[in-house]
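Listed below, chain by chain, are the residues.
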Amino acid sequence: HELSGGQRQRVLIAMALTRDPKLIIADEPTTALDVTVQAQLLEVLNGRRRQDGTALVIITHNLGVVARYAEKVQVVYAGRLVEGGTAEDIFQRTCHPYTKGLIRAVPRLDMPQDQELVGIEGSPPDLRKLSPHLCAFSDRCRYATAQCRSQRPEQAEVAPGHVAACFLARELRKEVSPR
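Residues numbered from 1 in each chain as written. Predicted model: local features only at pLDDT ≥ 70, side-chain atom pairs only at ≥ 80, totals over all residues. Heavy atoms only, no water.

Asks: Would you mind going over the sheet that holds strand β5 (residues 156–159) with me for this structure?
Replies: The strands that make up a sheet pair up through hydrogen bonds in the backbone, lying either parallel or antiparallel. Strand order in this open sheet of four strands is β3-β4-β6-β5, and the pairing throughout is antiparallel. Each having just a single partner strand, β3 (72–77) and β5 make up the two edges of the open sheet. The average angle at which neighbouring strand axes cross in this sheet is 30 degrees, direction not considered. Examined bridge by bridge, β5 and strand β6 (residues 162–164) share three bridges and lie antiparallel to one another. Residue pairing in the sheet places E157 in a bridge with V163 of β6. Along the sheet, helix α5 (residues 97–104) contacts β3 and β4 (80–86); its crossing angle with β3, the most-contacted strand, is approximately 105 degrees. (Pairing = 2+ DSSP bridges. Helix = DSSP H or I, 4+ residues; strand = E, 2+ residues; numbered from the N terminus. Axes fitted to C-alpha atoms, helices over the stretch in contact; angles between N-to-C directions. Contact = heavy atoms within 4.5 Å.)

What follows is the structure in structure tokens.
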């Protein structure tokens, strides 16, 4: 009861690692930790992955963590997979409008100070009212067509190992990276 939230989080992770797991699922493992402790924790998890061959799944909103530690990335919107591939595919050859929006919204040190961040317009959908027959992102998507508002795109391979659920994925993959 005398430990901070970050200390409790680290204790729980240490306890989990003592069991020599074959799979570690870390859901927002760096929440409530300062930047230095975040880096230390992620290095411990990544070291364990390399040393013991442990599979590591990190669930996070932190794209910096994803870019640094992930080999494969799955982007989810409204509970559905919208894009998946290698980290290089996701960051260099982004092909889903939601993924493009996420990457554009991240502040970068090389941005001019007067440049404004670009957010994703609109609000996430009410999952209780979400139609299974149309693209969940269509109301917020600047590329949306009538097809997006009347049909749900299925996952399709846009390149070997790179999938997206977007009717325009192949064309959007050819665009310059949003970074």
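Asks: I would appreciate a short explanation of the environment of L81 in the present structure.
Replies: Among the structural elements, L81 can be located in strand β4. Once you skip the residues sitting within four places of it in the chain, L81 turns out to touch Q74, V75, V76, Q155 and A165.

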